[in-house]
Amino acid sequence: MTDSNKVVSAASAATEKDTPARDAPISNSPARLQMSLAAAMTLGLRSGIFYRGATLSCINLLLTYESGCAGSCAYCGLQRQRGGRFSEKSFIRVEWPSFPLEEIIGRIGGHPERVDRVCISMVTHGKAVDDTLAVARSLRPLDAAVSILMAPTVLDRDDIVALRDAGAEIGSVAIDAATEELFDRYRGSAVKGPHKWERYWQCLADAVEVFGERKAGCHLIVGLGETERDMARTIQKVYGLGANVHLFSFYPEEGSALAERQPCPPGQYRRLQLASYLIQNGFTSSEGISYDDSGRISDFGVDPEEVKIVIDSGIPFMTSGCPGKDKLVSCTRPYGDGPPGDIRSYPFTPNMEDIAKIRMELADMGPTPGEYLNMEDNR
Ligand code: SF4
């Protein structure tokens with residue numbers, strides 16, 4: 001952990017500010033955690049009902065620190081350059097209110113019928129590993145599986161083993177960008193961020209080894225400027241490593257460096273959702289797929305009749321996330337990467353009307369990656 005040690009040190013220095021003044025309200029993890037608005041609704045901590053009856057059985061938690069996250073990812077709402085208190089910043093698209101850990105545990109324990117998984121998202125902070133371990137251990141008495149969305153820059157393989165021993169069942173890594181160039185541009189040296197492409201892939205490989213095949217996951221964001229060929233190859237690489245792919249459609253987060261960019265074109269996301277399903281279920285491979293001159297998918301390399309059956313099932317277009325006890329997906333993240341009026345990852349099985357819309361989107365070639373980036377430049 002050479003490079004990451006530097007980051008740990010930098011982040012550790014920041015933690016000195018985290019010690020709350022006497023009698024000040026505790027605002028740092030592990031005593032307090034942020035929670036997705038959808039999870040807060042599931043636990044009755046926020047009122048509201050989900051559009052079209054979507055459900056969520058995974059409680060998505062996020063470590064929170066007054067001193068913030070040491071990363072500066074250009075698309076993330078938590079980035080350091082953005083003003084405001086860290087605990088009031090949103091992570092992706094939706095609000096992430098914070099609650100005391102004790103209250104969270106009490107709520108989860110009080111609603112075992114609603115919750116079958118809890119996910120702890122780390123941030124890049126010197127205390128993140130210890131605090132994640134503390135939270136994971138405190139969740140052990142509950143009847144819920146635990147996923148950890150790991151921060152590779154501040155942990156090593158021994159930490160992953162410790163997370164597993166603390167009760168985590170799945171370990172995921174948000175590599176997010178499909179190529180090293182995009183990773184550096186939006187997460188690494190170009191934004192003075194601490195993250196390193198190789199470290200993230202090593203962490204994913206370690207997670208597969210520690211948690212087991214298909215017990216590790218990789219978040220990838222479609223629409224950061226990569227070609228569809230780039231993303232299909234990265235999906236193939238993740239699958240080949242023994243991990244599962246969790247796709248997200250890029251949506252501009254208010255206040256982030258990419259706030260002015262357009263959301264991922266729908267056709268691009270639909271084709272990658274379908275490619276991801278076909279690759280991960282053995283129908284095709286990134287090399288078996290054909291691409292046009294702009295790197296857009298022109299043929300999946302699968303019998304059209306089979307593709308039709310797969311599309312009609314609607315399953316490839318649902319949120320890809322960690323599973324539930326008896327559910328394909330527990331982490332449905334309702335409307336986390338697109339508004340209810342323009343759903344990108346369906347938190348339920350799409351109906352016939354949805355499938356008709358999805359078919360049109362699949363056929364919509366939209367802008368090439370170059371045109372898409374020009375649209376951003378010309379705004
Ligand atoms: S898919 Fe969901 S539950 Fe799994 S690691 Fe990612 S955010 Fe957590």
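See the structure above.
Residues numbered from 1 in each chain as written. Predicted model: local features only at pLDDT ≥ 70, side-chain atom pairs only at ≥ 80, totals over all residues. Heavy atoms only, no water.

Trainee: Looking at this model, I keep getting lost on the sheet that holds strand E4 (residues 117-121). Mind explaining?
Mentor: Strands in a sheet are paired, the pairing made by backbone hydrogen bonds, and the direction either parallel or antiparallel. Ordered in space as E3-E1-E2-E4-E5-E6-E7-E8, the 8 strands form an open sheet in which the pairing is mixed. Of all the strands in the sheet, just strand E3 (98-100) and strand E8 (244-249) have a single pairing partner and so form its edges. Across this sheet, the average inter-strand angle for adjacent strands is 30°, counted without regard to direction. Strand direction decides the pairing type here: E4 and strand E5 (residues 145-150), joined by 5 bridges, are parallel. Counted as the bridge partner of arginine 117 is alanine 145 from E5. (Pairing = 2+ DSSP bridges. Helix = DSSP H or I, 4+ residues; strand = E, 2+ residues; numbered from the N terminus. Axes fitted to C-alpha atoms, helices over the stretch in contact; angles between N-to-C directions.)

Trainee: Would you mind showing me how to read helix H7 (residues 197-211) here?
Mentor: Side chains that are three or four residues apart share a direction in an α-helix, a result of its 3.6 residues per turn. When the terminal C-alpha atoms of H7 are compared, their 21 Å separation across 15 residues agrees well with the 21 Å that a helix rising 1.5 Å per residue should span. Taking burial as the measure, the 15 residues of H7 include 11 buried ones, the bulk of the element. Every buried residue belonging to H7 is among Trp197, Arg199, Tyr200, Trp201, Cys203, Leu204, Asp206, Ala207, Val208, Val210 and Phe211, and all of these are buried. The positive-phi residue at the C-terminal boundary of H7 is glycine 212, with phi of around 110°. (Expected span 1.5 Å × (residues − 1). Buried < 20%, exposed > 50% of the residue type's maximum accessible area, 1.4 Å probe, protein only.)

Trainee: Just to check I follow, could you spell out the pattern of salt bridges for this structure?
Mentor: It is possible for side chains of opposite charge to pair when their charged atoms get near one another. Counted under the stated rule, the structure contains 21 salt bridges. Its salt-bridge partner being aspartate 354, residue arginine 52 comes within 2.7 Å of it at the nearest N-O pair. Placement of arginine 52 in the loop between helix H2 (37-42) and strand E2 (58-63) and of aspartate 354 in helix H11 (residues 352-363) is noted, with a sequence separation of 302 residues between them. Where salt bridges share partners, they join Arg270, Asp342, Arg344, Lys357 and Glu361 into one cluster. (Salt bridge = Lys/Arg side-chain N within 4 Å of Asp/Glu carboxyl O.)

Trainee: Just to check I follow, could you spell out the pairing of strand E7 (residues 216-222) for this structure?
Mentor: Among the 7 residues of E7, 7 are classified as buried, and the element is accordingly described as predominantly covered. Covered by surrounding structure in E7 are Ala216, Cys218, Leu220 and Val222 together with Gly217, His219 and Ile221, the residues of both alternating faces. Pairing of E7 with E8, which is carried by 6 bridges, proceeds in the parallel orientation. Paired with leucine 220 across the bridge in E8 is leucine 247. Once the chain exits E7 it traverses helix H8 (residues 228-241) before rejoining the sheet at E8, and the crossover so formed is right-handed. (Right-handed = clockwise from strand over helix to strand, strands pointing away.)

None of this, on its own, says anything about what the molecule does.
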